[in-house]
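Architecture and fold: a report
As a plain string of letters, each chain reads:
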Amino acid sequence: MIDAIFFDWDGTLMDDESSCRRAVLATSNSICQRLPGVDGEVLLVAYYKAAEEIWDQIKNTRTAPWGNMDDYGVACRVWNRVIERLRLSVDGLGLDPATIWTGVRQHDVPIFDDVIPCLDALRGHYRLGVVTNGSIATHLPKIQVSGLRDYFASITTTDIGAAKPCGAIFAHALESLDTTPTHALYVGDWPFGDVGGANRAGMTSVWLNRRKSQLTGEDPVPDLEIRSLDELTKAIKGL
């Protein structure tokens, strides 16, 4: 019997993409204001190209430790690559693009419409937790700003020294709620890290496939697939 349910954060509970787009635009505007000769459109194109490259490196790594997805750390890598490629001179301007980007993200925390109804339905029946490949410094403030903090008895981050899909981060989460893999369910949108990690840990894996994507032959197979969190309660009852 399932007694604990863990959720991924970005892309599962939080609409990470819309927040990211606004953070990129705000950072780009700040750079253009301080460096008037910079073309904003060129800057945005350079950002998204660099972001795609960095995230591909992170998500396609197939060996431990799999890469920390901490907001500030990733933002530094992306914006440093943009600055280098466009040969921008930001020294002496008091401008740290990663700080601007992260600052916007800390306060812009949109939650998907299906999240609160789902958590309300589950709370009181299951212990709930979050497992994220971000740090406590960046993700705890976002969870608090979102208004969802009180739903979760446990928040597990890469501060423990491991990241999804490493079994250690799932083991830590399970221990934090005093449960075992066979009594726990994990919900996430990332096949490799969320589904694959939960499968390795022996938990029931639920792939939240909001985009109606197709798994490739290399992707881990989830125990359950849902298109919305509105389907989760019914899916659990069918186990």
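In what follows, the accompanying structure is described. No experiment lies behind these values; they were computed from the predicted model shown.

**Observations concerning the sheet that holds strand 6 (residues 224–226)**
Here we have six strands laid out as an open sheet, ordered 3-2-1-4-5-6, and parallel in their pairing. Either end of the sheet is taken by a strand with one partner, and the two such strands are strand 3 (154–156) and strand 6. The average angle at which neighbouring strand axes cross in this sheet is 20°, direction not considered.

**Concerning unusual backbone geometry**
With an omega of 15°, the peptide bond between Lys164 and Pro165 qualifies as cis. Along the chain, Pro165 turns up in the loop between strand 3 and helix 7 (167–176). The backbone of Arg87 sits at a positive phi, close to 55°, despite the residue not being glycine. Note on placement: Arg87 falls in the loop between helix 3 (71–86) and helix 4 (97–107). Here Arg87 falls in the exposed class, since its relative accessible area comes to 78%. For Lys212, which is not a glycine, the phi torsion comes out positive at approximately 55°.

**Comments concerning the side chain of Ser18**
Take Ser18: it is sitting in helix 1 (residues 16–34). In this structure the side chain of Ser18 is engaged in a polar contact, spanning 3.1 Å, whose partner is the side chain of Asp15.

**Topic: the pattern of salt bridges**
One pass over the full model with this rule turns up 13 salt bridges. Between Lys142 and Asp10 there is a salt bridge; the shortest N-O distance is 3.8 Å. Of the two residues, Lys142 sits in helix 6 (residues 136–146) while Asp10 sits in the loop between strand 1 (4–7) and helix 1, which places them 132 residues apart along the sequence. Between Arg85 and Glu53 there is a salt bridge, with the nearest N and O atoms lying 2.7 Å from each other. Highlighted residues: Arg85 in helix 3 and Glu53 in helix 2 (residues 40–59), separated in sequence by 32 residues. A relative accessible area of 41% means that Arg85 is categorised as partly exposed. Sharing partners across several salt bridges, the network here consists of Lys49, Glu53, Arg81 and Arg85.

Scoring rules and cut-offs
Residues numbered from 1 in each chain as written. Predicted model: local features only at pLDDT ≥ 70, side-chain atom pairs only at ≥ 80, totals over all residues. Heavy atoms only, no water. Pairing = 2+ DSSP bridges. Helix = DSSP H or I, 4+ residues; strand = E, 2+ residues; numbered from the N terminus. Axes fitted to C-alpha atoms, helices over the stretch in contact; angles between N-to-C directions. Buried < 20%, exposed > 50% of the residue type's maximum accessible area, 1.4 Å probe, protein only. Polar contact = N/O pair within 3.5 Å; in protein donor to acceptor, adjacent residues only side chain to side chain. Salt bridge = Lys/Arg side-chain N within 4 Å of Asp/Glu carboxyl O.

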